[in-house]
Amino acid sequence: MEALDANVLASSSRAPFESRVRLWVTLARHWDLEPWPVTLVNLRAVAASLRAGAYSSAEQYFSAAFSYQERVLHTPVPPLVRRASRGLVRSIRRGLAGSRLKEAFDPLVLEAVVNRQLVDQPFDSALPHHTVDVLIVALWFMLREIEVAAALVGNLDLTDDAVSIVIPLQKKSVGGSPDLTRRTLRCPCRARLHPLCPVHAALRHMRRLRAIGAHAVAADRHVFPGRTGGPITKKGAVEAFRLVLQA
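The numbering scheme is per chain: residues are counted from 1 as the chain's sequence reads. Only residues with pLDDT of 70 or above have their local features reported here, since the model is predicted, and side-chain atom pairs are shown and tallied only from 80 upward, although totals for entire chains, interfaces and linings are computed over all residues. Heavy atoms from the whole structure form the basis of all side-chain values; hydrogens and water molecules are not counted.

Thoughts on a positive patch on the surface
Part 1 of the reasoning: Patch construction takes residues with relative accessible area above 30% that form no salt bridge. Like charges are linked within 9 Å, and nonpolar side chains (Val, Leu, Ile, Met, Phe, Trp, Tyr) are linked within 5 Å. The Shrake-Rupley method, run with a 1.4 Å probe sphere, supplies the accessible areas, and residue values consider only the shown protein chains as cover. A pair is scored as a salt bridge if a Lys or Arg side-chain nitrogen falls within 4 Å of a carboxyl oxygen belonging to Asp or Glu. Under this rule, positive means Lys or Arg and negative means Asp or Glu; His and the chain ends count for nothing. Note that the charge is assigned to NZ on lysines, CZ on arginines, CG on aspartates and CD on glutamates. Among the surface-exposed residues, Arg83, Arg86, Arg90 and Arg94 lie close enough to one another that they form a single positively charged patch.
Part 2 of the reasoning: For helices the rule is a DSSP run of H or I covering at least 4 residues; for strands it is a run of E covering at least 2, with both sets numbered from the N terminus onward. When you line up the elements, Arg86 lands in helix H5 (residues 79-94).
Part 3 of the reasoning: Exposure classes here rest on a 1.4 Å probe applied to the protein chains alone. A residue is buried below 20% of its type maximum, exposed above 50%, and partly exposed in between. Its relative accessible area of 48% is what places Arg86 among the partly exposed residues.

Below is the structure:
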């Protein structure tokens, strides 16, 4: 029974869940209220604190409190309380400021780093004019740094006028055809070769990989290798992209 209960939540979800429950208990006691069972009184009190703290994910804290009460304390949450929580979530969100971008940058600044001449050098992730082509492809496909780091040469399909990549459908996908999708971008260049064209960026990058050696473009090798030749880490990808932006 303990093993069954321990695996209700995924290991990656357990810590956030426990953190939300702890905050629920802390806020309720700051109002001199008992946290359990959840009532309209302690629900409104905690909601007022979440609104004052500008918590955008209040719904997750309510859900954690309800789940803890039902799963651990074996006490049902009244329907009236659940309905009230939805109205309180709307009230909290109305009081929040608009969302803002996280460390955004104008992608057009990358044009200054693109070098269309030095394409036969072996790829080196520490060189901004090498990594910028990886970053261009990542931007067009809207890939996170961890997806770029995990991509294999076999996931990339490249022709003179299109580039395709196979990527996970969602963050939790771990592989297998049902969890993967293929995205394709076509070359937008006409009379002028655009520096930020994803197809030409991918072509330049593959030439640099081939300059390392035939082994670097094997299907099971990583598209974005680190300096040691193995797969780059998520942290390494972030640092490499930061070097491009600094350049």
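Considerations on the pattern of salt bridges
Part 1 of the reasoning: Under the defined criterion, the tally for this structure stands at 8 salt bridges.
Part 2 of the reasoning: Of the charged contacts in the structure, one is a salt bridge between Glu70 and Arg82, with a shortest N-O distance of 2.7 Å. Of this pair, Glu70 sits in helix H4 (residues 58-71) while Arg82 sits in helix H5, and the two are 12 residues apart along the sequence.
Part 3 of the reasoning: Accessibility expressed as a relative area gives 30% for Arg82, which makes it partly exposed.
Part 4 of the reasoning: In this structure, Asp120 engages Arg207 in a salt bridge whose closest nitrogen and oxygen atoms are separated by 2.7 Å. With Asp120 in the loop between H5 and helix H6 (128-141) and Arg207 in helix H8 (residues 198-212), this residue pair connects regions lying 87 residues apart in the sequence.
Part 5 of the reasoning: Each of Asp133, Arg204 and Arg208 takes part in a single network of salt bridges with overlapping partners.

So, the side chain of Asp124
Part 1 of the reasoning: Locating Asp124 in the fold gives a position in the loop between H5 and H6.
Part 2 of the reasoning: Under this definition, polar contacts are N or O atom pairs within 3.5 Å; protein pairs additionally need one hydrogen-donor-capable and one acceptor-capable atom, and for neighbouring residues in sequence, both atoms have to be side-chain atoms. At a separation of 2.9 Å, a polar atom in the side chain of Asp124 contacts the main-chain amide nitrogen of Ala126.
Part 3 of the reasoning: In terms of polar contacts, Asp124 uses its side chain to reach the side chain of Arg227, at 2.9 Å.
Part 4 of the reasoning: If we ignore the near neighbours within four places in the chain, the residues touching Asp124 are His130, Thr131 and Arg227. What makes two residues a contact is simply this: any of their non-hydrogen atoms within 4.5 Å.

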